[in-house]
Amino acid sequence: MKTLRQIKIGDTVTVVKIHGEGAVKRRIMDMGITRGTEVYVRKVAPLGDPMELSVRGYELTLRKADAEMIEVE
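Residues numbered from 1 in each chain as written. Predicted model: local features only at pLDDT ≥ 70, side-chain atom pairs only at ≥ 80, totals over all residues. Heavy atoms only, no water.

1. Details of unusual backbone geometry
- The phi torsion at Arg-56 lies on the positive side, around 50°, for a residue other than glycine.
- If you trace the backbone, Arg-56 turns up in the loop between strand 4 (51-55) and strand 5 (58-62).
- Judged by its relative accessible area of 55%, Arg-56 is exposed. (Helix = DSSP H or I, 4+ residues; strand = E, 2+ residues; numbered from the N terminus. Buried < 20%, exposed > 50% of the residue type's maximum accessible area, 1.4 Å probe, protein only.)

Written as structure tokens, this is what we have:
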């Protein structure tokens, strides 16, 4: 299983599954990250937190803890 947190800058991946439950999972899905969505990793902060992503034509900043819940391929 590969998570979004492990993806390198400049790579594009597809979301396979979102782990987690309740409000956390709903918040991630409300940001546009759903199964089958392509995600491009634009930047990662010097200490690795947060990550800047391109999702569905807009820029999104995501914490490492949230990126760890997103399984990608």
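2. Some words on the pairing of strand 4
- Most of strand 4 is tucked away: four of the five residues are buried.
- Across five bridges, the pairing between strand 3 (residues 38-44) and strand 4 is antiparallel. Within strand 4, the residue paired with Lys-43 across the bridge is Glu-52.
- From the end of strand 4 to the start of strand 5, which pair antiparallel, there are two residues, and Arg-56 there has a positive phi angle of about 50°. (Pairing = 2+ DSSP bridges.)

3. Brief notes about the pattern of salt bridges
- Under the criterion given, the structure shown has seven salt bridges.
- One salt bridge in this structure joins Arg-42 and Glu-59, with 2.9 Å as the shortest N-O distance. Highlighted residues: Arg-42 in strand 3 and Glu-59 in strand 5, separated in sequence by 17 residues.
- Taking relative accessible area as the criterion, Glu-59 reaches 44% and is therefore assigned partly exposed.
- Residues joined by salt bridges that share partners form a network here, namely Arg-42, Lys-43, Glu-52 and Glu-59. (Salt bridge = Lys/Arg side-chain N within 4 Å of Asp/Glu carboxyl O.)

4. Focus on the nonpolar core
- Core analysis: the biggest nonpolar cluster contains 18 residues, and Leu-4, Ile-33, Val-39, Leu-53, Leu-62 and Ile-70 have the highest contact counts within it.
- Those elements giving two or more residues to this core turn out to be strand 2 (12-18), strand 3, strand 4, strand 5 and strand 6 (70-72).
- Setting aside residues no more than four positions away along its own chain, Ile-33 makes contact with Val-15, Ile-18, Ile-28, Val-55, Leu-60, Leu-62 and Ile-70. (Core = buried A, V, L, I, M, F, W, Y, C linked by side-chain atoms within 4.5 Å. Contact = heavy atoms within 4.5 Å.)

5. Examining the pairing of strand 5
- As paired elements, strand 4 and strand 5 share five bridges and run antiparallel to each other. Bridge pairing in strand 5 places Glu-52 opposite Thr-61.

Any functional reading would require information that these geometric values do not contain.
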